[in-house]
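Take a look at the letters that make up each chain.
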Amino acid sequence: MLTGKEYLEVKTVEVGRQWCNIDIWAEINDDVFFVIEGKTGTTIHDDQLRRYKKTVEEKYPDRAKYFAYVKTGNEPSSILKEVENAGYRIVLRKDILGCLDGYHGSDEVLCNYRKYLRAHEEAIQSFTKLSVSEWG
C-alpha cells in the first residue's frame with residue numbers, strides 16, 4: 001500500500017521516531033527509506049511535509065523513498081490535495097480499518113485499536129443514518 005508495489009522483500013528493518021521532526025521513519029534493506037507523518041487531531045503546518053521530504057532526499061539520495069501521511073481523524077479534501085501535491089501517499093482511517101479487519105488474531109493492543117477506530121468511524125458516519133436532531 002505504501003510503496004505502490006504488490007511485494008517488497010524485507011530482509012532488515014530499522015525503525016525510529018522523531019528524527020528531524022519526522023514522526024516515524026524506517027530503513028528497509030539499506031536501500032529503502034520510509035517516512036510516516038501521523039496526524040490525529042492536528043493537520044499539516046509550516047510546510048512540514050516538503051521540509052521532511054527535502055531532508056530525506058538530501059540524506060539518502062541513492063535510496064528508494066516513500067512518504068505516507070496517516071490521518072485517523074477527519075481531514076478536508078483541500079488539505080489532502082496539499083498532502084498529495086507534496087508527494088505523500090494518504091492513509092486514512094478507512095484504509096487502516098481495511099487492513100485491521102483482515103486480522104483474526106488475538107493481540108489485545110491491535111484488537112483494541114481496531115475497536116477504537118471502528119467506533120470512531122461509525123460515529124462519524126452516523127449522520128447518514130440519523131436525523132439531524134440526533135447528531136452528536
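Residues numbered from 1 in each chain as written. Predicted model: local features only at pLDDT ≥ 70, side-chain atom pairs only at ≥ 80, totals over all residues. Heavy atoms only, no water.

(A) Layout of the overall build of the chain. Within the chain one finds four helices and five strands. The order of helices and strands in the chain, counted from the N terminus, is β-β-β-α-β-α-β-α-α. Projecting the C-alpha coordinates of the chain onto the three principal axes gives extents of approximately 55 × 40 × 25 Å. In the chain, buried positions account for 32% of the 136 residues. Of the contacts made within the chain by residues no fewer than 6 positions apart, 49% connect residues no fewer than 24 positions apart. Here the chain has roughly 9000 Å² of accessible surface; of this, 52% comes from carbon and sulfur atoms. Counting 20 positive and 23 negative side-chain charges, the chain places the centres of these two groups 2 Å from one another. (Helix = DSSP H or I, 4+ residues; strand = E, 2+ residues; numbered from the N terminus. Buried < 20%, exposed > 50% of the residue type's maximum accessible area, 1.4 Å probe, protein only. Contact = heavy atoms within 4.5 Å. Areas by Shrake-Rupley, 256 points an atom, 1.4 Å probe, with all protein chains shown as cover. Lys, Arg positive; Asp, Glu negative; His and termini not counted. Charge placed at Lys NZ, Arg CZ, Asp CG, Glu CD.)

(B) The pattern of salt bridges, seen in detail. Enumeration according to the criterion identifies eight salt bridges in this entry. Note that Glu37 is salt-bridged to Lys39, the shortest N-O span being 3.2 Å. Residue class for Glu37 comes out buried when judged on its relative accessible area of 2%. On the basis of relative accessible area, Lys39 is assigned to the buried category, the value being 4%. Residues Arg93 and Glu121 are paired through a salt bridge, measuring 2.5 Å at the closest nitrogen-oxygen approach. Here Arg93, found in helix α3 (residues 93-100), pairs with Glu121, found in helix α4 (residues 108-125); they are 28 residues apart in sequence, far enough to count as distant. Each member of the pair, Arg93 as well as Glu121, is classed as buried. (Salt bridge = Lys/Arg side-chain N within 4 Å of Asp/Glu carboxyl O.)

(C) Representation of the pairing of strand β1 (residues 13-19). Summarising the sheet, β1 and strand β2 (residues 22-28) pair through six bridges and their orientation is antiparallel. Along β2, the bridge assignment pairs Trp19 with Ile22. In this antiparallel pair of consecutive strands, β1 and β2, the connection spans two residues, and Cys20 shows a positive phi of 50 degrees. (Pairing = 2+ DSSP bridges.)

(D) Representation of the nonpolar core in the model. Counting residues in each nonpolar core, the largest one holds 16 residues, and the members touching the most others are Val35, Leu49, Val56, Tyr69, Val83 and Tyr88. When contributions to this core are tallied by element, the ones reaching two or more residues are β2, β3 (32-39), α1 (48-59), β4 (64-71) and α2 (77-85). Membership of the second largest hydrophobic core comes to six residues, among which are Val70, Val91, Ile96 and Leu100. (Core = buried A, V, L, I, M, F, W, Y, C linked by side-chain atoms within 4.5 Å.)

(E) Representation of the pairing of β2. Counting buried residues in β2 gives six out of seven residues, a clear majority hidden from the surface. In this sheet, β3 lies alongside β2 in antiparallel orientation, the contact comprising five bridges. Across the sheet, residue Ile24 finds its bridge partner in β3, namely Ile36. Once β2 ends, the chain turns through three residues before running back antiparallel as β3, passing Asn29 with a positive phi of about 55 degrees.

(F) The sheet that holds β4, seen in detail. Strand order in the open sheet formed by five strands is β1-β2-β3-β4-β5, and the pairing between neighbours is mixed. The sheet terminates laterally at β1 and β5 (89-92), the two strands that pair on one side only. Averaged over all neighbouring strand pairs, the angle between strand axes comes to 25 degrees, with direction disregarded. Strand contacts of α2: β4 and β5, with the helix running at about 140 degrees to β5, the strand carrying the most contacts. (Axes fitted to C-alpha atoms, helices over the stretch in contact; angles between N-to-C directions.)

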